[in-house]
Protein chains: 2
Amino acid sequence: MPKRATPSDRPEISLDASQPVPLYKQLYERLRGAILAGQLPRGARLPSTRTLAAELGVSRSTTALAYELLLLEGYLESRVGRGTTVSRTIPAVLVNGSATRTPAEAAGVANPHLASHVRPLRDVPNLEFVEETAGGPFRGGQPALDLFPYDLWARLIARRARRSMSEYAYYQSAAGFLPLREAIAAHIGISRGVRCTAEQIIVTTGTQGALDLAMRTLIDSGEAAWLENPGYFGAHGALVLRGARPIPVPVDRHGLDVDAGRRRCPHARLAVTSPSHQYPTGVTMSLGRRLELLEWADEVGAWILEDDYDSEFRFSGRPLEALQALDRSNRVVYIGTFSKVFFPSLRLGYLVAPPALVEPLLTTRRFVDVHVPILEQLALADFIHEGHFARHLRRMLQHYARRRDLLRRELRTHLGGLLDVFVPEAGMQLVGWLRPGIDDVRAATLADEVGVMVLPLSRAGLEPLPRGGLLFGFAGTDEEGIRNGVRTLAAALERL
Amino acid sequence: MPKRATPSDRPEISLDASQPVPLYKQLYERLRGAILAGQLPRGARLPSTRTLAAELGVSRSTTALAYELLLLEGYLESRVGRGTTVSRTIPAVLVNGSATRTPAEAAGVANPHLASHVRPLRDVPNLEFVEETAGGPFRGGQPALDLFPYDLWARLIARRARRSMSEYAYYQSAAGFLPLREAIAAHIGISRGVRCTAEQIIVTTGTQGALDLAMRTLIDSGEAAWLENPGYFGAHGALVLRGARPIPVPVDRHGLDVDAGRRRCPHARLAVTSPSHQYPTGVTMSLGRRLELLEWADEVGAWILEDDYDSEFRFSGRPLEALQALDRSNRVVYIGTFSKVFFPSLRLGYLVAPPALVEPLLTTRRFVDVHVPILEQLALADFIHEGHFARHLRRMLQHYARRRDLLRRELRTHLGGLLDVFVPEAGMQLVGWLRPGIDDVRAATLADEVGVMVLPLSRAGLEPLPRGGLLFGFAGTDEEGIRNGVRTLAAALERL
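In short, a report on the structure. (Residues numbered from 1 in each chain as written. Chains lettered and ligands numbered in written order. Predicted model: local features only at pLDDT ≥ 70, side-chain atom pairs only at ≥ 80, totals over all residues. Heavy atoms only, no water.)

Contact residues are listed per partner, giving 84 residues for chain B and 84 residues for chain A. Surface buried jointly by chain B and chain A totals about 7,200 Å² across both partners, of which 64% is contributed by carbon and sulfur atoms. Its salt-bridge partner being Arg122(B), residue Glu359(A) comes within 2.9 Å of it at the nearest N-O pair. Linking chain B to chain A there are 30 residue pairs in polar contact (both at pLDDT 80 or more). Residue assignment for the side of chain B that touches chain A shows that the elements contributing at least two residues are helix 4 (103-106), helix 5 (118-122), helix 6 (129-132), helix 7 (150-163), helix 9 (206-218), helix 10 (233-241), helix 13 (355-365) and helix 14 (374-385) of chain B. Per element, the largest residue contribution to the side of chain B that touches chain A is seven residues, and it comes from helix 13 of chain B. The residue makeup of the side of chain B that touches chain A, split by class, is 44 nonpolar, 23 polar and 17 charged. (Contact = heavy atoms within 4.5 Å. Buried area = accessible area lost by both parts, 1.4 Å probe. Salt bridge = Lys/Arg side-chain N within 4 Å of Asp/Glu carboxyl O. Polar contact = N/O pair within 3.5 Å; in protein donor to acceptor, adjacent residues only side chain to side chain. Helix = DSSP H or I, 4+ residues; strand = E, 2+ residues; numbered from the N terminus. Nonpolar A, V, L, I, M, F, W, Y, C, P; charged D, E, K, R; others polar.)

This is how it looks when you write it as structure tokens:
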């Protein structure tokens, strides 16, 4: 017998008749959101349309229409004698909260007291799904892990483990190993135009560690921050965790729409952006927009977090410098990572802070984790200083360009009628925009059923997007995988 | 000409005539605190006693008496024609904020907007001073780094780097490498009586990472938490960073005084304690107190963070189980670290959560740093599984017992008149209590001048302590270092 979602464990739903969005649509959005967040687990039984209508004080046609849409899209199932239940076939990759029935709930322990951000944070997509799903093609954020020089890396690690650990066994600098920071400063100065000294660099636990550290230091709980919509869920999560208020700002073909941001919330304390290769759309922010953004930040005293997560891989055009390079007012915190050029489980990234922020960031850092482990920092410094880094980067660039071009061709050939492919100038992934009206979550569900991992863009949206899309990571999928993946996907999407 | 501390950059001082503490004493405490926190930098000029008395609305004898005490203790200097200034001879090790003139201030940039915790967080002592001071004897929190089997460790690291990295290159579990968590569960089950499964364990960036993660998940900004007084500054800092309200609870010879906590703040959300070997006093919490603490937590629904940082090293008596082992209500989060059995720059620790808290902690964790680097986790799991861990622990226990006994003897011989030595049953450090009335900061200053590193206990106090003391780390100082260190110290303290 399926479990009945009783009012007490069902997410609270409140509809607002004064909003321009029709009530059935509001209800549909709420239920869909609750299903994707795992608040309504697979198999959970919903109340009848009549009961729910009475509970919410709306007409039965409103609840019936919302249910019908969700049935059509496969979020709900309905069988005679069983009523309406949440579909059991929604793949785990879409359901962020598939495991979010807390053990407390499972064990029957009454509501434990938790910090207030925990509940909303459960609704933000995160990287956890990668543990559950084996490596299908097009996984996002994955470099060519098959082409990394593991032997070379192992030699550098072994050398440092053998020779250097006793020297560096005690607590080390909260900012990171100085020779590594010097190597990073030199690298991003040349490749990204970032202007800084090693003193401005703080080594972090990847991009996430940098986002979290910067947000904790620069914005208070309750204050507002601009987030790109769609945008990176890691930044969204760090902001919710901070207790701050996310203001979604639309992204168009020029990047973050600064005027829209000014209209929505002129005095935000902070803006997060990925100007070189916007996540997930792939757009490069225009120079005009960059200057507008910097002007706004200077005007209101806001901070800009520039997430430059994969722009080392630039295929065409004169490399556009980082936003940080244009910043005359010391408003930009630049964030880089080694997850893409190396591999994610290395957990090394960094931020470049304006001079005035170095000490406040370190003050915070000392009580977060003191510093990141020293061994990888030592070996990475060697890797860069000995020239391996630049060599590996060049080699990957060629591979990724080839993979990107192949993916583009294959998508045009096999899915040209359905997907409008946007070819980015940089990075490791591209977007295929769906024809307006097609639900990208439904498309991603069909893809998942045949083992193809594409992220629906609406999952990276803070509010509904004008158009759905699918995000394809191409860097970590080899040529054969790309060809097979696209064909398999094309067959699956015929059911759309 | 020394810089005059003008009202605007001087810390705000407010005195409260309704308190039992006399006004001159309150003023003395405030000024001393401001000097130690670096808010009143070395060389800063203070207003005359007459001016300050007028500003504060107190009698001139009040300000004069406070100044006189500070002059006597060496915090202030007074010269004809120069007025009263902050002493230039206070060593950096004592002045936490000695470098806390922010670059912003230095560069003349007007107040950058920062999160509100940053300023108070600067006043909390942290580990940073270890970077500035070369390794004198008795450094706290330092294991016998000269006796660690680096070659063995390097072999295990090299093997994993060579064989396993490609398999574990993508994002890994936020909770940590499962075989490591299994090894930890087995180890603490046997050695500390902790009752848990591997599923309850989350691998963290040392103790600090565990404290920070737990506080971010379990307490909201503005809520109150009990901290031991004196207590661990890392816990204090994590709480201030969280924006929570620290409630100092006195520690006596039975450990945390639960009744005092109830009187001060009965409905705190959380309590931090180190029952096995209290930091810094070394007291083992009595069974009665343990049961009182658990009863309180159960009664008000509070969480207990048990920081079991160094109790693997137990020299005598039946090993007292962890507080967690007595907990029938799932209120205790147990925190352990490898910084003491391995070395601090490994940055690996863990927490054991009650089942209901595992999911909320992981929800937070995914947006803090995703997970800790994988390589050390792999090698550490091997190290434990292959029996090296237990062997190393036994070997260190013998060394530490010998060093502890030697230190005790030397202190009694050379400093018996001044220090009342408390010999702990466990751990890596001991306290020498000073005769009442002797300022431990002054004593530590004298020690620092001759290269001996002892932490004045008042630096670990959230409010004035009834008696000062000096903390001696003995684990990381060899026999010769102990003998010479005590003699050097005894000579220096003759100036007290």
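Having seen the model, we can carry on.
Paired through backbone hydrogen bonds, the strands of a sheet run either parallel or antiparallel to each other. All names here are of chain A. One open sheet holds the three strands; their spatial order is 1-3-2, and the pairing between them is antiparallel. Here the strands that pair on one side only, and so sit at the sheet edges, are strand 1 (45-46) and strand 2 (76-79). Bridging between strand 1 and strand 3 (residues 83-86) involves two bridges; their strand directions are antiparallel. Paired with Arg45 across the bridge in strand 3 is Thr85. (Pairing = 2+ DSSP bridges.)

The next subject is the pairing of strand 2 of chain A. Residue and element names in this part refer to chain A. In terms of strand pairing, strand 2 meets strand 3 through four bridges, oriented antiparallel. Bridging across to strand 3, Glu77 finds its partner in Thr85. Between the antiparallel neighbours strand 2 and strand 3 lie three residues, among them Gly81 with a positive phi of about 85 degrees.

Relative to the assigned elements, Asp382(B) resides in helix 14. A polar contact is formed between the side chain of Asp382(B) and the side chain of Arg160(B), at a distance of 2.8 Å.

Looking now at the side chain of Asp310(B). Residues and elements named next belong to chain B. Topologically, Asp310 is positioned in the loop between strand 9 (303-307) and strand 10 (332-337). It is Lys340 that comes nearest to the buried, bridge-free Asp310 among opposite-charge side chains, at 7.1 Å. Polar side-chain contacts of Asp310 include one of 3.1 Å to the backbone nitrogen of Met428. The contact partners of Asp310, leaving out residues within four places of it in the chain, are His277, Lys340, Gly427 and Met428. (Buried < 20%, exposed > 50% of the residue type's maximum accessible area, 1.4 Å probe, protein only. Lys, Arg positive; Asp, Glu negative; His and termini not counted.)

The next thing to look at is the packing of helix 9 of chain B against helix 13 of chain B. The packing of two helices is summarised by the inter-axis angle and the distance between the axes. Residue and element names in this part refer to chain B. Close contact between helix 9 and helix 13 brings their axes to 9 Å; oriented N to C, the two are set at 105 degrees. In this view, helix 9 runs roughly perpendicular relative to helix 13, as classed from their interaxial angle. The residues of helix 13 that touch helix 9, namely those facing Leu213, Ala214, Arg216, Thr217 and Leu218, are Leu357, Pro360, Leu361, Thr364 and Arg365. A per-class count over the contact of helix 9 with helix 13 returns six nonpolar, two polar and two charged. (Axes fitted to C-alpha atoms, helices over the stretch in contact; angles between N-to-C directions. Parallel < 35°, antiparallel > 145°, perpendicular 65-115°, else oblique.)

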